[in-house]
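Chain and residue survey
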Amino acid sequence: MKMDTYINFGGNCAEAFRFYEQHLGAKVKFTMKWSDMPEADKHTPPGYGDKVLHSTMEIGGAVLLAADVPNYQPMRSAYLTLRVDSIQEAERVYNTLSEGGEIYMKMGETFFAHRFGQFSDRFGTKWMVIFDKPGPEQA
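Analysis parameters
All chains use their own residue numbering, which begins from 1 and follows the written sequence. Local features are withheld for residues below a pLDDT of 70 in this predicted model, meaning they are given only at 70 or higher, and side-chain atom pairs are given and counted only at 80 or more; totals for whole chains, interfaces and linings count all residues. Where side-chain values are given, they derive from all heavy atoms of the structure, hydrogens and water being excluded. The pairing criterion is simple: DSSP has to find at least two bridges between the two strands. Helix and strand assignments follow DSSP, with helices taken as H or I runs no shorter than four residues and strands as E runs no shorter than two, numbered in order from the N terminus. Simply put, an axis is a line fit to the C-alpha atoms, just over the touching stretch for a helix, and the angle between two N-to-C directions goes from 0 to 180 degrees. Contacts between residues were defined by any pair of non-hydrogen atoms, one from each residue, lying within 4.5 Å. Accessible area is worked out with a 1.4 Å probe on protein chains only. A residue is then buried under 20% of its type maximum, exposed over 50%, and partly exposed in between. Here the word oblique covers every angle except those under 35 degrees (roughly parallel), over 145 (roughly antiparallel) and from 65 to 115 (roughly perpendicular). A clockwise turn of the near helix away from the far one marks a right-handed crossing, whereas an anticlockwise turn of less than a right angle marks a left-handed crossing. The nonpolar class holds Ala, Val, Leu, Ile, Met, Phe, Trp, Tyr, Cys and Pro. Asp, Glu, Lys and Arg form the charged class, and all remaining residues, Gly among them, are polar. Basic side-chain nitrogens of Lys or Arg form a salt bridge, by our definition, when they fall within 4 Å of a carboxyl oxygen of Asp or Glu.

**Side note on the sheet that holds strand S2 (residues 27-33)**
Taken together, 4 strands build an open sheet; the order of strands is S1-S4-S3-S2 and the sheet is mixed. The open sheet is flanked by strand S1 (5-9) and S2, the only strands paired with a single partner. Averaged over all pairs of adjacent strands, the angle between strand axes in this sheet comes to 20°, irrespective of strand direction. As paired elements, strand S3 (residues 52-59) and strand S4 (residues 62-68) share 5 bridges and run antiparallel to each other. Paired with glutamate 58 across the bridge in S4 is valine 63. The strands that helix H1 (residues 13-24) touches are S1, S2, S3 and S4; relative to S3, the one it contacts most, it runs at about 10°.

**Observations regarding the pairing of S4**
Counting buried positions over the 7 residues of S4 gives 6, a clear majority of the element. Of the strand pairs in this sheet, S1 and S4 are connected by 5 bridges, and their pairing is parallel. Residue pairing in the sheet places threonine 5 in a bridge with leucine 64 of S4.

**Re the packing of H1 against helix H3 (residues 87-98)**
Packing of H1 against H3 leaves a shortest axis separation of 11 Å and a crossing angle of 155°. Taken together, the axes of H1 and H3 are roughly antiparallel relative to one another. As H1 packs across H3, the resulting crossing turns out to be right-handed. Contacts between H1 and H3 involve Phe19, Tyr20, His23 and Leu24 from the former and Arg92, Val93, Thr96 and Leu97 from the latter. Among the residues making up the contact of H1 with H3, the classes are represented as 5 nonpolar, 2 polar and 1 charged.

**A look at the pattern of salt bridges**
If you walk through the whole model with that rule in mind, you get 6 salt bridges. Here lysine 42 ties to glutamate 39 by a salt bridge, and the two come within 2.7 Å at their closest N and O atoms. By relative accessible area, which is 45% here, glutamate 39 ends up partly exposed.

**Regarding the side chain of threonine 44**
Examined against the element boundaries, threonine 44 turns out to sit in the loop between helix H2 (40-43) and S3. Discounting residues that sit within four places of it in the chain, threonine 44 has contacts with Trp34, Ser35, Met37 and Gly49.

**Some words on the side chain of threonine 56**
Position of threonine 56 relative to the elements: it lies in strand S3. For threonine 56, the contacting residues outside a window of four places in its chain are Phe17, Lys27, Val28, Lys29, Phe30, Val63, Leu64 and Leu65.

**Comments concerning the sheet that holds strand S7 (residues 113-120)**
Strand order in this open sheet of 4 strands is S5-S8-S7-S6, and the pairing throughout is mixed. A single partner strand is all that each edge strand has here, and the edge strands are strand S5 (80-83) and strand S6 (102-108). Pairs of neighbouring strands in the sheet enclose a mean axial angle of 10°, with direction left out of account. Relative to strand S8 (residues 126-132), S7 runs antiparallel, the two sharing 7 bridges.

Remember that the coordinates give geometry; whether it matters functionally is a separate question.
Structure, rendered in structure tokens:
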């Protein structure tokens, strides 16, 4: 069994995925627009022909799937979490992704991490970035 994450966007999925490719080393593997589906004229909401019906991206060894949906509501209780390997990478990713978004917890050191921050990016996706401190079992 494998578990993947599927998120929705309000019309800017393609832009968000290009941004994640550029700044996170992700790779878009598949994209289908609403207008590409069979009988699209019957099933496509007005103004959605050029929007993403389904897209797949590989990011950090995981698969992220997404779509543009009518009546979009931003994620509320889930975060995409990026575990990075250095303070510098944590700072870079946090600064890049959080620009133009909303900060929930500024990047900083915590009792459990050398760096940790929470935010929503400019596309409405919620993120956590963490560079862990080794726990007792890892020391």
